[in-house]
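An overview of the molecular structure
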Amino acid sequence: MGFGCKEGSHLASFLLGAVLPTALLFFLASDRLGQGLSSISMTWAGNGTQQQPAGPLAREGRDREVVGFAGLAELLPRVAMEDRTVILTLANEAWAQPGSLLDIYRESFRNGEDTAHFLDHVLVVAVDAGGFDRCKAVHPHCYHLEVNKPTNLSSASMFRTKEFVELVWLKLSFQQRILELGYNFLFMARSFFFLKDMDADIIMFRNPFRHISVYADMSLSTDYYRDTFAPLNNELNTGLYYMKSTNRSIEMIRYWRAARERFPDGSEQDVFNKIKHELVSKVQGRIEGLDTAYFSGFCEFHDDLNRVCTMHANCCIGLANKVLDLKDKAADWRNYTTLTTEERRNGGFNKWTPPARCWKTIGWNV
């Protein structure tokens with residue numbers, strides 16, 4: 001009995017000596033552990049796709065450039081859909097004027113089929129103070145993307161400047177941050193520097209998500225859709241693209257941004273098309289090209305209003321031309337929606353007004 005009590009006393013002392021240091025370490029690290037657990041809890045999306053942890057520990061040792069964007073983490077939960085998807089578009093003071101592209105863009109959501117609710121999930125990214133103020137006057141979710149170097153980004157003709165090029169690449173950093181925070185996004189705004197445009201020149205008619213693959217990490221619009229089975233053979237357009245928050249998609253944007261050093265004179269779209277095969281072979285990214293029958297544009301014009309989801313004012317130069325030709329498309333859509341189902345099926349009105357002004361700017365005839 002005496003030996004048993006003594007042995008039990010030694011065992012209790014041993015266990016206590018082992019537990020106390022462990023408890024002390026747990027207490028000292030509890031704040032970092034909480035962050036780590038929070039990150040782990042976001043690792044798997046509802047669809048079973050592994051996501052990039054968003055906590056500070058997960059970002060440690062990663063791309064330290066993408067850490068800013070104050071207030072974004074707090075704003076995204078208010079904008080996102082249930083599946084953590086946000087819709088992004090761009091605006092500056094010129095594009096956000098009454099009756100200009102931002103108004104046309106927002107109105108298309110209201111007039112579309114089953115699209116009005118998406119407007120609550122649109123985040124307008126303003127690139128200047130004037131655009132931000134105008135956005136706040138008409139839209140509930142606005143973010144001022146501040147450029148480090150002071151410059152005039154408020155006009156409709158600031159596209160040849162170095163500051164504009166920096167802004168285009170800053171947009172990718174912003175989107176990378178969204179993915180790191182565990183959110184998916186659909187970006188709807190042309191930013192192709194070669195044609196000197198970056199604006200909300202896409203309008204919506206139907207739910208686009210019904211035609212975006214759940215398999216792909218990234219789905220992009222195309223100017224000309226030619227190859228269904230080999231999407232990388234299409235010339236992909238970064239005016240509209242969807243990215244799902246996965247480890248691969250985050251690495252894809254990181255790789256894309258880093259490739260700028262190899263192609264310093266290219267736009268972000270130029271660079272993407274140069275490295276798209278590398279994104280698949282080296283990053284194992286899953287990329288899909290979107291059919292222009294559903295994601296239409298002025299470059300490849302489809303007259304089937306029964307299928308179209310979005311219309312992109314590509315193959316066009318000039319804000320005024322885009323505004324007028326997109327207004328024509330919005331008017332065509334309103335006429336189409338007054339038809340009965342049978343009239344639509346019989347082709348009662350199934351032809352767009354050609355974008356004559358835009359085509360003229362690139363030398364095309366109606």
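Each chain carries its own residue numbering, running from 1 in the direction its sequence is written. This being a predicted model, a pLDDT of at least 70 is required before a residue's local features are given, and a value of 80 or more before pairs of side-chain atoms are given or counted; all residues contribute to the totals for chains, interfaces and linings. Just so you know, side-chain values use all the structure's heavy atoms and leave hydrogens and water out.

For the protein chain, an unreviewed UniProt entry supplies the name Nucleotide-diphospho-sugar transferase domain-containing protein and the organism Urochloa decumbens.

With respect to the environment of Lys274
For the record, the criterion: A run of DSSP states H or I qualifies as a helix once it reaches four residues; a run of E qualifies as a strand once it reaches two. Both are numbered from the N-terminal end.
Checked against the element boundaries, Lys274 lands in helix 9 (residues 268–281). In sequence terms Lys274 and Trp256 are 18 residues apart; their C-alpha atoms lie 9.8 Å from each other.

Description of the sheet that holds strand 10 (residues 310–312)
Inclusion rule: Here a strand pair is declared whenever DSSP counts at least two bridges between the two strands. Orientation is described by lines fitted to C-alpha atoms, with helices fitted over the stretch in contact, and by angles between N-to-C directions that extend from 0 to 180 degrees.
The sheet built from 3 strands is open, its strands ordered 5-10-9 with mixed pairing. The sheet is open, and its two edges are formed by strand 5 (202–204) and strand 9 (295–297), each paired on a single side. Along the sheet, successive strands turn relative to each other by an average axial angle of 20°, direction set aside. Relative to strand 10, strand 5 runs antiparallel, the two being bridged by 3 bridges. Bridge assignment links Met204 to a residue of strand 10, and that residue is Thr310.

Observations concerning the sheet that holds strand 3 (residues 142–144)
Reading across the sheet, the 7 strands line up as 3-2-1-4-7-6-8 and stay open at both edges, with mixed pairing between neighbours. Edge strands, defined here as strands with exactly one partner in the open sheet, are strand 3 and strand 8 (287–289). On average, each strand axis in the sheet is inclined to that of its neighbour by 30°, with strand direction left out of account. Sheet topology note: the strand 6 (residues 218–222)/strand 7 (residues 236–243) ladder contains 5 bridges and is antiparallel. What sits directly across from Ser221, in strand 7, is Asn237.

Focus on the nonpolar core
Taken as a class, soluble globular proteins show a tendency for nonpolar side chains to be buried jointly. Quick note on the threshold: What we call a nonpolar core is a set of buried Ala, Val, Leu, Ile, Met, Phe, Trp, Tyr and Cys residues that are connected through their side-chain atoms within 4.5 Å. Throughout, exposure labels follow a simple rule: accessible area from a 1.4 Å probe, protein chains only, divided by the maximum for the residue type, with under 20% read as buried, over 50% as exposed, and the rest as partly exposed. The contact definition used throughout considers only heavy atoms, calling two residues in contact when any of these lie within 4.5 Å.
Leu72, Leu123, Phe174, Ile178, Phe185, Tyr241 and Trp256 are the most contacted members of the largest nonpolar core, which has 43 residues in total. Of the residues forming this core, the biggest block, 6 residues, is contributed by helix 7 (residues 162–180). Sequence-distant contacts of Phe185, defined by excluding residues within four places in its chain, comprise Val86, Leu88, Gln175, Ile178, Leu179, Tyr241, Tyr242, Met243 and Ile253. Residues Tyr105, Leu186, Ile212 and Leu290 belong to the second largest nonpolar core, which totals 24 residues.

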